[in-house]
Amino acid sequence: MKSTNQHITFKVDKIRKDFPILSRKVNGKPLVYFDNAATSQTPQVVIDAIVNYYSNYNANIHRGVHTLSQEATDAYEQARQKIQKHFNAQHSHEIIFTSGTTHAINLVANGFSSLLKKDDEIIVSALEHHSNIVPWQMLCEQTGAILKVIPMNQEGELIISAYDKLLSENTKLVFVNHISNALGTINPIEEIIKKAHDVNAAVLVDGAQACPHLKPDVQALDVDFYVASAHKMCGPTGIGMLYGKSTWLNKLPPYQGGGEMIEEVTFEKTTYADLPYKFEAGTPNICGGIAFGVAIDYLNSIGFDAIASYENELLNYATQNLLEIEGLKIYGTSPNKTSVISFNIEGIHPYDIGTIVDKLGIAVRTGHHCAQPIMDFYEIPGTVRASFSFYNTKEEIDALVYAVKKAKTMLL
Ligand SMILES: *Cc1c(COP(=O)(O)O)cnc(C)c1O
């Protein structure tokens, strides 16, 4: 049974039916949702999982002997195993549920405050989201460690030769995002990790923007920490994960004290629970964790190869058609990028474009995208950012191009 047809058409019309929100109207026009880099939309299977949890087995986990508690605990722990498998972590206890990427980064930064000393060095990249800058600045203030920055070039890529020069035996930690949320650049994290390990520094990769588009293998990457948020991967808000190598997670002190994270408590001394519970104080977002697992199943049912090739098609189509608009400039022009287009039109404030295209039912983001240093680099106040997902279409991109042209004639 040989198939000569290599190219399997992506069934986007069928996929769109999985997302109830995509059939609503905004300002009398069909919704065109191009703010996927801020949060993704939610398929019916994930909505159903949330309704099912609260309708049928809502209970606190790990504590009760009663049936509902056991059902909830089983579902929550199964979700952890799904996430483990998805990221190819060696052990399920290396997956810590957090409220999201920001929480996960703060958990690690807080842990390192007891491991760093004055004049140790931390390296971040110029392409970071604020959530991957501020916690490290706070950590440096606390410990006297020094923050160094890998610079970027005009294409929106990190300059690896400059990174080489920053690395030394004083480097203890390197933090870099896998994909930039503002520009879409895919960073060469394999190389960054390898070079950091050569000087015995640990690496945390912020995968918030990568995980909707690709399937990272944490063991193959040999990354020390990898973090992500469910709400950018078709899951709900308020849940995310920290992967950490167990050797590192055992070394870090707990982040918050409370129930769930202890083994034994007396007023003299408390001993902490084993991984992963050491880092999961209090009642977690049980429903969110379960729904995160369902979202991962959903993405895998579509397949990351199919997602990547279709989104790349959308990116190329949008890039070509937007660039036909005179005066339009795209920021982030690396050949290694995902389906994010950050742009401006000469002489027009990005906010004004965003407002006009919204009147036509199109959701884009305007502003600095929580990445002010990148905007400062380009000496601009912000950009219009259109970010595409596998449920978007070329017809929607046509609508965007039309709307941007219209905004231009109205504003210039
Ligand atoms: C969205 C995002 C974050 C923050 O994620 P939260 O879910 O808001 O915690 C961090 N880094 C990158 C690259 C992002 O895209």
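Caption draft 1: Geometry of the site of the ligand. Every residue close to the ligand is listed here: Thr101, Thr102, His129, Ser131, Asn181, Asp206, Ala208, Gln209, Ser229, His231 and Lys232. Within the side chain of Asp206, a nitrogen or oxygen atom sits 2.5 Å from a nitrogen atom of the ligand. About the coverage of the ligand: the protein hides 86% of its 390 Å² of free accessible area.

Caption draft 2: Representation of the sheet that holds strand S14 (residues 340-345) in the model. As summarised here, the arrangement of the 4 strands in space is S13-S14-S17-S16, forming an open sheet in which the pairing is antiparallel. Both outer strands of the open sheet, strand S13 (328-331) and strand S16 (365-367), are each paired with one neighbouring strand and no more. Neighbour-to-neighbour, the strand axes of the sheet open up by a mean angle of 30 degrees, direction not taken into account. Sheet analysis places S14 next to strand S17 (residues 383-387), joined by 4 bridges and oriented antiparallel. Bridge pairing in S17 places Ile341 opposite Ala386. Of the strands in this sheet, S13 and S14 are in contact with helix H11 (residues 304-323), which crosses S14 at around 10 degrees.

Caption draft 3: Just the sheet that holds strand S6 (residues 146-150), in detail. Across the sheet, 7 strands lie side by side as S4-S10-S9-S8-S7-S5-S6; this open sheet has mixed pairing. Two strands close off the open sheet at either side, each with one partner strand: strand S4 (95-98) and S6. Here the strands of the sheet are splayed against their neighbours by 20 degrees on average, with no regard to which way each runs. As paired elements, strand S5 (residues 121-125) and S6 share 5 bridges and run parallel to each other. Paired with Glu121 across the two strands is Ile146, which belongs to S6.

Caption draft 4: How the structure looks around the nonpolar core. Core analysis: the biggest nonpolar cluster contains 106 residues, and Phe34, Val174, Tyr226, Met241, Phe292, Ile374 and Phe390 have the highest contact counts within it. The dominant element in this core, judged by the number of residues it contributes, is helix H10 (residues 286-302), at 11 residues. Once residues lying within four places of it in the same chain are set aside, the contact partners of Phe390 are Phe10, Val12, Ile15, Phe19, Cys234, Tyr298, Leu299, Ile302, Ile307, Tyr310 and Glu311. With 26 residues, the next largest nonpolar core counts Val108, Leu116, Leu139 and Trp248 among its residues.

Caption draft 5: A look at unusual backbone geometry. Going from Leu275 to Pro276, the amide bond is cis rather than trans, its omega being 0 degrees. Along the chain, Pro276 turns up in the loop between strand S12 (270-272) and H10. With a phi angle near 60 degrees, His369 is a residue other than glycine that sits in the positive phi range. Tracing the backbone shows His369 in the loop between S16 and helix H13 (372-378). Accessibility expressed as a relative area gives 6% for His369, which makes it buried. Non-glycine residue Cys370 carries a positive phi angle of around 55 degrees. Within the fold, Cys370 resides in the loop between S16 and H13.

Procedures and definitions
- Residues numbered from 1 in each chain as written.
- Predicted model: local features only at pLDDT ≥ 70, side-chain atom pairs only at ≥ 80, totals over all residues.
- Heavy atoms only, no water.
- Near = heavy atom within 4 Å.
- Polar contact = N/O pair within 3.5 Å; in protein donor to acceptor, adjacent residues only side chain to side chain.
- Areas by Shrake-Rupley, 256 points an atom, 1.4 Å probe, with all protein chains shown as cover.
- Pairing = 2+ DSSP bridges.
- Helix = DSSP H or I, 4+ residues; strand = E, 2+ residues; numbered from the N terminus.
- Axes fitted to C-alpha atoms, helices over the stretch in contact; angles between N-to-C directions.
- Contact = heavy atoms within 4.5 Å.
- Core = buried A, V, L, I, M, F, W, Y, C linked by side-chain atoms within 4.5 Å.
- Buried < 20%, exposed > 50% of the residue type's maximum accessible area, 1.4 Å probe, protein only.

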